[in-house]
Amino acid sequence: MRLEDITVALRPRQPWESVDLGCAMVRRDFGRIIVLWICTVLPLWVLVCVLLRAVPEWIPLVVWWLKPLYDRVPLYFLSRAAFGVRPGFFETWKQWPRLWITNCLPALLWRRLSFMRSFALPAQMLEGMRGAAVKKRIQTLATDGGSSGVSMTFAFSNIELAAWIGLMWGTYGLLPESAQPDWAGLFQSFDFEGTIPNAFLWWGAVCHMIIVTLVEPFYVGAGFALYLNCRTRIEGWDVELAFRRLATRLTSATAVVILAVMMIFGVQSSVQAEEDRYGRNPTPTLQDDFLKEISSNLENIKKEPSSQTDPATAVRKVLDEPEFEIHKRQNPEWVWDDDKSKDKKTDSKLQVPGFLGTLLELLFWALVLGLGVWLVVYLVKNRHLFVTRSVSKVPVQAPKVLMGMNITRESLPDDIVAAARAAWAAGDFHEALSLLYRGSLSWLVNRRRVPISDSDTEEDCLVKVLQAGDKTEAEYFRQLTTAWVQVAYAVLPVSNEEMGALCDRWPFVEKGGAS
């Protein structure tokens with residue numbers, strides 16, 4: 001590829017202006033890029049889905065991890081389209097295996113979590129370098145555009161995540177009821193296998209693949225444009241291109257001048273021949289003057305000292321000019337501070353900038369993961385704050401017997417609190433607490449519509465009441481459950497003060513809770 005053939009206007013740009021340029025390059029050939037993407041990436045995704053069909057929840061993670069492979073075909077197309085050569089389908093198809101094999105292991109292992117992956121990819125794939133040379137080259141480019149590459153990766157990651165969630169949210173209502181998760185059961189028991197059907201996981205994986213297909217080519221184009229802008233700023237591509245175009249114009253103009261001079265010399269030679277033919281005195285011509293001047297210059301060169309005509313001396317003289325001064329930039333590097341080696345040579349110190357960068361990346365992702373886990377735990381513990389307190393409109397099959405106890409309206413007295421006080425005064429502590437507990441369950445099931453089933457235990461009932469959202473009822477039922485379990489199973493007495501507080505704070509007022 002020649003620099004003169006580039007179709008992009010080379011000039012130093014701001015980072016986000018370069019990102020916009022890369023997105024425009026992708027939009028210009030989006031149809032061709034998507035066709036190449038489908039023909040190269042889709043077979044790999046089909047293979048991943050076949051291998052992970054038993055655990056579809058892992059498919060989005062594997063698809064995300066293999067992203068460095070997907071980016072190579074779009075970059076191959078964009079790098080050639082930028083120089084006016086759009087590769088055809090069969091040409092790209094032939095290059096596909098080589099593109100994926102080149103630097104495959106580093107891209108999927110220790111470089112996978114690089115925050116400037118798209119910015120560094122052109123240096124790895126287009127410059128033909130390997131090993132330490134690639135690392136040094138990326139470090140050189142990163143001095144100008146590395147921070148922009150990191151910011152761009154963060155922005156596109158957020159765009160992809162938001163688009164994925166938005167697509168799932170927008171199409172959730174189209175799912176059949178059998179494919180929708182039981183969110184209430186998930187927050188109660190954390191039983192992912194029992195509450196989230198496989199159809200929902202497959203649907204989420206397909207949505208993720210669609211978003212990656214739409215967003216990732218733009219991410220590659222933006223990184224390639226940042227790479228071009230970085231080389232323009234560091235290496236002066238725009239200046240070099242201007243000089244090359246100027247040289248081309250001057251070369252064509254010089255050819256015209258030489259042709260004109262040759263024609264003049266030819267005319268003068270014919271005139272001189274005519275004069276000699278008829279015996280006229282020859283007159284000095286322009287050609288004679290030109291030849292005499294060349295001869296005199298050659299004689300002067302021979303008389304000059306040989307040191308002045310030495311090419312090496314002339315090159316050193318030119319390089320000593322201020323225009324060719326080499327500018328150096330000092331970058332601080334982390335080194336081990338060993339007191340014992342202070343008097344030794346500096347080469348004995350171990351420089352670890354790469355190790356420190358990897359460590360900081362791992363700490364960052366650990367922090368993100370920790371914040372995510374904390375957020376999930378917080379939402380689960382405080383889920384009652386996000387649940388409406390209104391009575392559920394969904395009809396619930398109210399159980400009649402719970403844990404061997406009859407909780408129907410007919411089995412309870414009209415005034416449960418008075419009956420419980422009487423049983424307590426008579427010394428029947430079990431019956432007294434049983435009346436309060438059965439009355440509470442009857443109210444919660446029939447009036448509050450709490451989805452309690454006949455197979456639930458005391459702990460299950462307490463969890464569902466807490467989820468219902470009424471803090472007064474939930475707190476009372478928690479204390480009542482503690483007292484009931486203490487008397488019914490541990491056979492431990494409850495104090496008169498605790499029983500009196502339970503009777504006085506009875507929150508189910510209509511017909512003692514039996515209505």
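All values derive from a computational prediction rather than experimental measurement.

Chemist: Any chance you could explain the overall build of the protein chain here in plain terms?
Modeler: Assigned secondary structure in the protein chain consists of 21 helices and 2 strands. Of all 515 residues assigned to the protein chain, the portion counted as buried reaches 35%. For the protein chain, contacts bridging at least 24 residues in sequence account for 72% of all contacts bridging at least 6.

Chemist: How should the packing of aromatic side chains be read in this particular structure?
Modeler: Each pair of aromatic rings is reported with the distance of its centres and the angle of its planes. Evaluated as defined, the whole model comprises 19 aromatic pairs. Plain terms: the ring middles of tryptophan 45 and tyrosine 70 are 5.6 Å apart, the flat faces sit at 90 degrees to each other, and that makes the pair edge-to-face. Placement of the pair is tryptophan 45 in helix α2 (residues 30-51) and tyrosine 70 in helix α4 (residues 67-70), with a sequence separation of 25 residues. By relative accessible area, which is 0% here, tyrosine 70 ends up buried. Put simply, the rings of Trp37, Trp45 and Tyr70 touch in pairs and so form one group of aromatic residues. Geometry around tryptophan 64 places arginine 112 over its ring, the cationic atom sitting 4.2 Å from the centre. When the ring centre of tryptophan 65 is taken as reference, the NZ or CZ atom of arginine 112 above it lies at 5.5 Å.

Chemist: Would you mind showing me how to read helix α9 (residues 132-171) here?
Modeler: One turn of an α-helix holds 3.6 residues; hence residues three or four places apart share an orientation. Taking 1.5 Å per residue, 40 residues should reach 58 Å; α9 reaches only 47 Å between its end C-alpha atoms and comes up short. Bending of α9 peaks at approximately 80 degrees at the position of threonine 143.

Chemist: Which parts of the structure should I look at to understand the environment of glycine 128?
Modeler: With respect to the helices and strands, glycine 128 occurs in the loop between α8 (117-125) and α9. By relative accessible area, glycine 128 is classed as exposed at 59%. Between the C-alpha atoms of glycine 128 and threonine 102, which are 26 residues apart in sequence, the distance is 9.8 Å.

Chemist: Whenever I open this one, the pattern of salt bridges confuses me. Can you help?
Modeler: Once their charged atoms are close, side chains differing in charge can pair, the charge on each being opposite to the other. Tallied over the full model, the rule gives 8 salt bridges. Ionic pairing is found between lysine 67 and glutamate 160, a salt bridge with its closest N-O pair at 2.5 Å. Of this pair, lysine 67 sits in helix α4 while glutamate 160 sits in helix α9, and the two are 93 residues apart along the sequence. By relative accessible area, which is 5% here, lysine 67 ends up buried. Overall, glutamate 160 belongs to the buried group, its relative accessible area being 9%.

Chemist: Is there a simple way to explain a nonpolar patch on the surface in this structure?
Modeler: Residues Val35, Phe89, Phe90 and Trp93 make up a contiguous nonpolar surface patch of about 420 Å² in total accessible area. With 3 residues, the top contributor of residues to the nonpolar patch is helix α6 (residues 89-101). Its place among the elements puts phenylalanine 90 in helix α6. Among the residues examined, phenylalanine 90 registers a relative accessible area of 62% and is labelled exposed.

Chemist: Before we go on, may I ask you to explain the layout of surface pockets in this structure?
Modeler: Summary: where empty space remains is shown by rolling a probe the size of a single water molecule over the atoms. Roughly 2,400 Å³ of internal volume is contained in the largest pocket. Elements with a minimum of two residues in the lining of the largest pocket: α3 (59-65), α9, α10 (183-189), α12 (198-235) and α16 (353-381). Here the element with the most residues in the lining of the largest pocket is α9; it accounts for 12 residues.

Chemist: Would you mind showing me how to read the environment of leucine 436 here?
Modeler: Locating leucine 436 in the fold gives a position in helix α18 (residues 429-446). In contact with leucine 436, other than residues within four places in its own chain, are Ile416, Ala420, Tyr476, Leu480, Met499, Leu502, Cys503 and Trp506.

Chemist: Just checking my understanding: could you explain the nonpolar core for this structure?
Modeler: Core analysis: the largest hydrophobic core is formed by 58 residues, its most contacted members being Trp45, Tyr70, Trp100, Phe156 and Phe224. The dominant element in this core, judged by the number of residues it contributes, is α12, at 14 residues. When residues no more than four places from it in sequence are discounted, the contact partners of phenylalanine 156 are Val19, Cys23, Val215, Phe218, Tyr219 and Ala222. Judged by nonpolar contacts, the second largest core, of 36 residues, contains Val417, Val445, Ala483 and Leu502.

Chemist: Honestly, empty space enclosed by the protein in this entry has me stumped. Any pointers?
Modeler: With the rule as written, the count across this model stands at 1 cavity of 30 Å³ or more. The volume enclosed by the largest cavity comes to roughly 50 Å³. Around the largest cavity, the lining residues are Val8, Leu10, Arg11, Arg13, Ser18, Leu21, Ala225, Leu228, Asn229 and Thr232. Secondary-structure elements contributing two or more residues to the lining of the largest cavity are α1 (15-28) and α12. With 4 residues, the top contributor of residues to the lining of the largest cavity is α12.

Chemist: What should I look at first to understand α2 in this one?
Modeler: Along its 22 residues, α2 runs 30 Å from first to last C-alpha, staying within 8% of the 32 Å computed at 1.5 Å per residue. At valine 41, α2 shows its strongest bend, of approximately 35 degrees, with the proline proline 43 following within four residues. Where α2 is concerned, the buried positions are Ile33, Ile34, Leu36, Trp37, Thr40, Val41, Leu44, Trp45, Val48 and Cys49. Those residues of α2 that are buried are in contact with α1, α3, α4, α5 (72-81), α6 and α12.

Rules used throughout
Residues numbered from 1 in each chain as written. Predicted model: local features only at pLDDT ≥ 70, side-chain atom pairs only at ≥ 80, totals over all residues. Heavy atoms only, no water. Helix = DSSP H or I, 4+ residues; strand = E, 2+ residues; numbered from the N terminus. Buried < 20%, exposed > 50% of the residue type's maximum accessible area, 1.4 Å probe, protein only. Contact = heavy atoms within 4.5 Å. Phe/Tyr/Trp six-rings, centres within 6.5 Å; stacked < 30°, edge-to-face > 60°. Lys NZ or Arg CZ within 6 Å of the ring centre and 35° of its normal. Expected span 1.5 Å × (residues − 1). Bend = angle between axes of the 7 residues up to and from the residue. Salt bridge = Lys/Arg side-chain N within 4 Å of Asp/Glu carboxyl O. Patch = residues over 30% accessible without salt bridge, like charges linked within 9 Å, V, L, I, M, F, W, Y side chains within 5 Å. Areas by Shrake-Rupley, 256 points an atom, 1.4 Å probe, with all protein chains shown as cover. 1 Å grid on protein atoms, 1.4 Å probe; cavity = no way out; pocket = protein on both sides within 12 Å on 5 of 7 lines; lining within 4 Å. Points joined across faces, edges and corners; volume = space filled by probe spheres on them. Core = buried A, V, L, I, M, F, W, Y, C linked by side-chain atoms within 4.5 Å.

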